[in-house]
Amino acid sequence: MEPLIIGHAQRPRAFNRKSGEQLGFYYRSNAKAWMTGLIFREWLQKMDQQMQDAKRKVLLLLDNAPSHVVRDLPLTNVQVFLFPANTTSKIKPIDAGIIAAFKRRYRRFQLQDAIDRDEQQKADIYKVDQLIAMKWAKAAWNDISSKTIANCFKHTCLFERETQKNEVGSEEQDIENELKDAINQLPISRPMSVHELINPEEEQQVADEEISDEDLIKLSSSQDQEEEEDGEVMDENPPMSTKEKLNVLHSCISFLDLSNPNHVIAHKVLRNIQFEIRTIEKKQTTLDRYFCKEY
């Protein structure tokens, strides 16, 4: 499933006057960046259509948030079950580890970028604009394996427990170890723990904030009015030519030691990127020659 991202502005400055859809995202907005009944119903109907196209029928488990309005929706392939109040923290699969898996992967992108910016002696090593954060979020979500999600379901009381070895725990532990190493590489005198990194106090304050019916009505009526917001945009490097891109990739490939299994994987990836760049350049050159042809 494609992640739905909700922001404050319809076209943030980082979008460079493009829409979320043009940039490859399922993106909606309102003043508080909250899920509303209107956005949720649109998302649910889209999911139902996807399940119809895939010829699948699914059961969707949800908490009883005010925005989760399913009444009178003509759903054919998605059946919705709302958890009773005060039970979701114990039995909701997304609270049983899926959110934590997502945040580990997102923070990994953030710390890797901070280390790069520190090596480049940037003034603010944690600076990031909304578009980059959205790219990290989408990549982090896509990186979560079906095994991880299945394992999180097993941690709940929804199904009969299976007695089998937990293969996913080691994957999540490896990411936690990467996060610890990344934290230690940053110029921090008193570094926080991984738990503090992926569960900041201010995040819990937002999660505990209640949404009134009046808030939802205001958000639903104003969500399409805001077109632009003031916000920082990351400093963009000048676009590289095809030759420059290929030279950088060549330097990276030359560095690799093919006796190292990890380097072999990296070598394959870099060669694929080289091939894509050369293919695009060849197509562009062919088009240019066609349109510049003298008749």
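Up top is the structure.
Residues numbered from 1 in each chain as written. Predicted model: local features only at pLDDT ≥ 70, side-chain atom pairs only at ≥ 80, totals over all residues. Heavy atoms only, no water.

Colleague: Can you tell me about the overall build of the protein, naming the residues and giving the values?
Modeller: Per the secondary structure count, the protein includes 11 helices and 4 strands. Counting across all 295 residues of the protein, residues that qualify as buried make up 31%. Put simply, of all contacts in the protein between residues at least 6 apart along the chain, 63% involve residues at least 24 apart. Within the structure as shown, the protein displays about 20,500 Å² of accessible surface, and the carbon and sulfur contribution to it stands at 51%. (Helix = DSSP H or I, 4+ residues; strand = E, 2+ residues; numbered from the N terminus. Buried < 20%, exposed > 50% of the residue type's maximum accessible area, 1.4 Å probe, protein only. Contact = heavy atoms within 4.5 Å. Areas by Shrake-Rupley, 256 points an atom, 1.4 Å probe, with all protein chains shown as cover.)

Colleague: Could you give an account of unusual backbone geometry, naming the residues involved and the relevant values?
Modeller: In the Ramachandran plot, N16 falls in the positive-phi region, its phi being about 55 degrees despite a non-glycine side chain. Assignment of secondary structure puts N16 in the loop between β1 (4-7) and β2 (26-29). Its relative accessible area of 59% is what places N16 among the exposed residues. Positive phi outside glycine occurs at D72, with the angle close to 70 degrees. With respect to the helices and strands, the residue D72 is situated in the loop between β3 (58-62) and β4 (78-82).

Colleague: Let's hear about the packing of aromatic side chains: which residues, and what values?
Modeller: By the definition in use, this model includes 5 aromatic pairs. Here F15 and Y27 contribute two aromatic rings whose centre-to-centre distance is 5.2 Å and whose plane-to-plane angle is 65 degrees, an arrangement assigned as edge-to-face. Taken together, the residues F15 in the loop between β1 and β2 and Y27 in strand β2 connect sequence positions 12 residues apart. Given the relative accessible area of 1%, F15 is considered buried. Classification of Y27 by relative accessible area gives buried; the value is 6%. Between Y106 and W136, the ring centres sit 5.8 Å apart and the planes meet at 70 degrees, which makes this aromatic pair edge-to-face. Linking Y106 in helix α3 (residues 98-119) with W136 in helix α4 (residues 130-143), this pair joins segments that are 30 residues apart in sequence. Classification of W136 by relative accessible area gives buried; the value is 11%. (Phe/Tyr/Trp six-rings, centres within 6.5 Å; stacked < 30°, edge-to-face > 60°.)

Colleague: Can you tell me about helix α1 (residues 37-53), naming the residues and giving the values?
Modeller: Under the 1.5 Å per step criterion, the end-to-end length of α1 is 24 Å for 17 residues, consistent within 8% with the ideal 24 Å. Restricting attention to buried positions, one finds in α1 the residues G37, I39, F40, W43, L44, M47, D48 and M51. Among the structural elements, β1, β2, β3 and β4 are those in contact with the buried residues of α1. Directly beyond the C-terminal end of α1, a positive phi value near 55 degrees is found at K55. (Expected span 1.5 Å × (residues − 1).)

Colleague: Residues and numbers for the side chain of R104, please.
Modeller: Tracing the backbone shows R104 in helix α3. Each residue touching R104, except ones within four places of it in the same chain, is listed here: E172, I175, E176, L179 and I198.

Colleague: Describe the environment of D124, listing the residues and the values that go with them.
Modeller: Tracing the chain through its elements places D124 in the loop between α3 and α4. Note: C-alpha distance between D124 and A114 (10 residues apart in sequence) is 8.7 Å. Of note is the side chain of D124, whose polar atom sits 3.1 Å from the backbone nitrogen of Y126. (Polar contact = N/O pair within 3.5 Å; in protein donor to acceptor, adjacent residues only side chain to side chain.)

Shape is all these values report; function is a separate question.
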